[in-house]
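Each chain is listed here by its residues.
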Amino acid sequence: MNCKIGLIYGDGIGPEIVREAKKVLDVLAAKYGHTFAYTKLLLGGASIDACGVPLTEETIEQAKACDAVLMGSIGGDARTSPWYRLEPSRRPEAGLLGIRKALNLFANLRPAYLYDELRGACPLREDISAAGFDLLIMRELTGGLYFGERRTEEVNGVLTAVDTLSYNENEIRRIAKRAFDIAMKRNKKVCSVDKANVLDSSRLWRKVVEEVAKDYPEVALSHMYVDNCAMQLVMNPAQFDVILTENMFGDILSDEASMVTGSIGMLSSASLNDTRFGLYEPSHGSAPDIAGQDKANPIATILSAAMMLRYSFDLDREADAVEAAVRSVLKEGYRTGDIMSEGCTYTGTEKMGSLIADRV
Ligand code: NAD
């Protein structure tokens, strides 16, 4: 297969971790007979330094010409970096919001998986973590409360703020379809999370999700209120496969789900539009405190590359090989500093990438 991959090296630890993910992809391409052609794209701080703005039209056009984009994190230390003396619309993070919008990336996927070997880092009670979990949060990313009309005004002498939560049926249908498609590649369960006992937007959400479910008879659909879901994620995360939810609920629940794994350096993510295109990136930030020191854990980025293989290229066998290589390296006891525990072998960024590449 021939694939055009955009690489955004990004800021802080970004270049180090993307380099390792590319190393794994190159070994995989040679082994399975694929051709991956890379285009380097500028975004965030690196783009400000080179072009004066965090996102250029050129980057957008280059990204559109790729089949998928793999990204390290962007941004710097807000207290010391000159990027944060710029007005907010010219700072690194504005580039990320801009590219998500330009590419219409409305579906955000964040898997939370508990590795046997990292169970010690899981903050949940042992009898809960013993059951393990392997879930994926599918969050709507371009609608809802964060994009609705908002204002602050004085009403009868009292300062009043208004935010609007609005969804139309088309926005709900397209994200629901994505969730069911992805459930078909996993354990065929979708739990749709809403607040349908209170919100009109949630009642419409539930109705449309039920309509979409009719096209996926193999997938078991359930519904859960968001407050209950927040509790269930810490009481019994093993019950979930795909959790489908709107923007703000997903923002909160996906952070909760990632924290119960206990290992920020392990968490991948993807943002998809309604083509096969996706932007794949680790869930963590650019960790300026450890940048350039060969200390960063590259696994989240390597697992993001595995998501790219699975969801943009339909290369499930190759994605399985990358995930199995990660498991194997952990089983052999290799650890970067963030996931280090007694009796394990300390490994820097570069070595961790090489160990995984050797095992794909
Ligand atoms: P962060 O995730 O960068 O770091 C939090 C802590 O986790 C730090 O101690 C860091 O050293 C550690 N850490 C993070 N990733 C790690 C890895 N792969 N291996 C080992 N340790 C790791 O969060 P922050 O410090 O709040 O943010 C730093 C910068 O990143 C900010 O500019 C922020 O805006 C940006 N950021 C970018 C993204 C993105 O690109 N999507 C997401 C979050 C934060």
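Just so we're clear, the structure is a prediction, and the values are computed from it rather than from any experiment.

(A) Representation of the nonpolar core in the model. Counting 66 residues, the largest nonpolar core has L109, M138, L244, Y280, L309, V326 and I356 as its most contacted members. With nine residues, the single largest contributor to this core is helix α10 (residues 299–311). When we break this core down by domain, the ones giving at least three residues each are domain 1 (1–109 + 264–360) and domain 2 (123–260). If you look at the next biggest cluster of nonpolar residues, it comprises 20 residues, including I128, L135, M224 and F240.

(B) The arrangement of the pairing of strand β9 (residues 220–225) in detail. Judged from the six bridges that link them, strand β8 (residues 189–194) and β9 form a sheet pairing that is parallel. Its bridge partner lying in β9, K189 is registered against A220. After leaving β8, the chain enters helix α7 (residues 200–213) and then returns to the sheet as β9, a path that is right-handed.

(C) Region of the structure containing the domain arrangement of the protein chain. As far as domains go, the protein chain holds domain 1 (1–109 + 264–360) and domain 2 (123–260). Using only C-alpha atoms to locate each centre, domain 1 and domain 2 end up separated by 25 Å. Of the roughly 1400 Å² buried between domain 1 and domain 2, counting both surfaces, carbon and sulfur atoms make up 62%. Per-residue buried area on domain 1 facing domain 2 is highest for F106, N108 and Y311; these three make up 45% of the total on that side. Our enumeration of links across domain 1 and domain 2 arrives at two salt bridges. Linking D316 and K185 is a salt bridge whose minimum nitrogen-to-oxygen distance equals 2.9 Å. For the pair domain 1 and domain 2, the number of links is seven residue pairs in polar contact (both at pLDDT 80 or more). Taken together, the elements giving at least two residues each to the side of domain 1 that touches domain 2 come down to β4 (107–113), β11 (268–272) and α10. Looking at the side of domain 1 that touches domain 2, the element that brings in the most residues is β4, giving three residues. Taken together, the residues that form the side of domain 1 that touches domain 2 break down as seven nonpolar, five polar and six charged.

About the thresholds
- Residues numbered from 1 in each chain as written.
- Predicted model: local features only at pLDDT ≥ 70, side-chain atom pairs only at ≥ 80, totals over all residues.
- Heavy atoms only, no water.
- Core = buried A, V, L, I, M, F, W, Y, C linked by side-chain atoms within 4.5 Å.
- Buried < 20%, exposed > 50% of the residue type's maximum accessible area, 1.4 Å probe, protein only.
- Helix = DSSP H or I, 4+ residues; strand = E, 2+ residues; numbered from the N terminus.
- Domains from an automatic or database assignment.
- Pairing = 2+ DSSP bridges.
- Right-handed = clockwise from strand over helix to strand, strands pointing away.
- Buried area = accessible area lost by both parts, 1.4 Å probe.
- Salt bridge = Lys/Arg side-chain N within 4 Å of Asp/Glu carboxyl O.
- Polar contact = N/O pair within 3.5 Å; in protein donor to acceptor, adjacent residues only side chain to side chain.
- Nonpolar A, V, L, I, M, F, W, Y, C, P; charged D, E, K, R; others polar.

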